[in-house]
Amino acid sequence: MTITFLGTAAANAYPEAFCQCDNCERARALGGPNLRKRSAALINDDLLIDLGPDIMTASFMHGRPLSRVRYCLQTHAHADHLDPSHLLSRSPEFGVVGAPRLHFYASTATARRLAQLFERFYDSASLLDPKVGERLNLEIHEIEALQSFTIGRYHVTAFPANHDPTVGPLLYVVEADKRCVFYGVDTATLPEETWQGFHRHHLRFDVVILDHTYGPEESGSDHLSAHELIEHVARMREENLLTDEARAFATHVAHEGNPVHPELVDFAARHGYEIAYDGFTV
Ligand SMILES: [Zn+2]
Ligand SMILES: [Zn+2]
Ligand SMILES: [Zn+2]
């Protein structure tokens, strides 16, 4: 199983469009891994996590075509994770008829928000109408926290996030090829229900990917901070949720309090985790 980070920034990218803070100015000057697009990830070439606004830019820049994506796991409906306009390219005119169907998984709240946005801006019909799904060769599956399902060669379990409850946010564990990955974005400190769920499903992670919205000098609030990420990884190790060779990665990095990439890499190395960057594959 390979995981490619298509984007590793929090809400408005890093640097942000008009921001002149020290971190954004330094990131612009340094370029390379200091430039972060909005968070999304690709597992192998067929499983996308989040239909985000920057996935096509990422696809071009990092040489990862998305035309083979058959499954999308949507964390939630915030704009930095969901751009429904991508689904316009599933019109019959664009060659998706007869191609493998796209299976899209989201909580009911997020699926409804997606359908509303699509209906309002791009189409007069609802994405939740099976006729529209047929036309776009797309099937939307509404799922719940703590539900497990099998898609192709992947076994997936959704977990509750500690994030905006109006969009029913979900975190995902993906298992395949005897490997286990946890994608924990967007969330503040994980709910106890999620920790209990990890144990109930007897999970041991090879790769943990966690929210790192706030930097080393900040406290977390609606998202995790650097120190909270460190505490989460320590608890996972204590509770035997990590394999011996497990690696922990930070993503969803905001310009607020997170220094440019090389400095953040140094900080993370001192605390036993790694900083993901756009285009990085593990
Ligand atoms: Zn986000
Ligand atoms: Zn800034
Ligand atoms: Zn969010």
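Look a little higher up for the structure.
If you're wondering where the values come from, they're calculated on a predicted model, not measured in any experiment.

## Quick look at the coordination of the zinc ion (ligand 2)
For a metal with four tetrahedral donors the ideal donor-metal-donor angle is 109.5 degrees, while six octahedral donors give ideal angles of 90 or 180 degrees.
(1) Moving on: Cys19 (SG), Cys21 (SG), Cys24 (SG) and His255 (ND1) make up the full set of protein donors to the zinc ion (ligand 2), lying at 2.0 to 2.3 Å.
(2) Moving on: Taken together, the four donor atoms surrounding the zinc ion (ligand 2) define angles of 104 to 115° at the centre, an arrangement classified as tetrahedral.
(3) Moving on: Coordination of the zinc ion (ligand 2) draws on donor residues from a single chain, spaced C-x1-C-x2-C-x230-H in sequence. Residue Cys19 shares its accessibility class with Cys24, and that shared class is buried.

## Some remarks on the sheet that holds strand E13 (residues 274-275)
Working definition: the strands of a sheet are paired by backbone hydrogen bonds and lie parallel or antiparallel to each other.
(1) Moving on: Spatially, seven strands are ordered E7-E8-E9-E10-E11-E12-E13 in an open sheet, and the strand pairing comes out mixed. This sheet does not close on itself; its edge strands, each paired only once, are strand E7 (148-151) and E13.
(2) Moving on: Alignment of E7 against strand E8 (residues 154-160), held across four bridges, turns out to be antiparallel. Bridge pairing in E8 links Thr150 to His155.

## Focus on the coordination of the zinc ion (ligand 1)
(1) Moving on: Around the zinc ion (ligand 1), the protein contributes the donor atoms Asp80 (OD), His81 (NE2), Asp186 (OD) and His252 (NE2), which lie 2.1 to 2.2 Å from the metal centre.
(2) Moving on: Geometry at the zinc ion (ligand 1) is irregular, judged from its four donor atoms and the angles of 92 to 154° they form at the metal.
(3) Moving on: Read in sequence order, the donor residues coordinating the zinc ion (ligand 1) give the pattern D-H-x104-D-x65-H.
(4) Moving on: A separation of 3.7 Å is found between the zinc ion (ligand 1) and the zinc ion (ligand 3), which are bridged by Asp186. Of the two residues, His81 sits in the loop between strand E4 (71-73) and strand E5 (102-107) while Asp186 sits in the loop between strand E10 (179-184) and helix H5 (192-200), which places them 105 residues apart along the sequence.
(5) Moving on: Look at His81 and you get buried, because its relative accessible area is 0%.
(6) Moving on: Residue classification places Asp186 among the buried positions, given a relative accessible area of 3%.

About the thresholds
Residues numbered from 1 in each chain as written. Chains lettered and ligands numbered in written order. Predicted model: local features only at pLDDT ≥ 70, side-chain atom pairs only at ≥ 80, totals over all residues. Heavy atoms only, no water. Donors = N, O, S within 2.8 Å, 3.2 Å for Na, K, Ca; no water. Tetrahedral: all angles 85-135°; square planar, octahedral: opposite > 155°, others 65-115°. Buried < 20%, exposed > 50% of the residue type's maximum accessible area, 1.4 Å probe, protein only. Pairing = 2+ DSSP bridges. Helix = DSSP H or I, 4+ residues; strand = E, 2+ residues; numbered from the N terminus.

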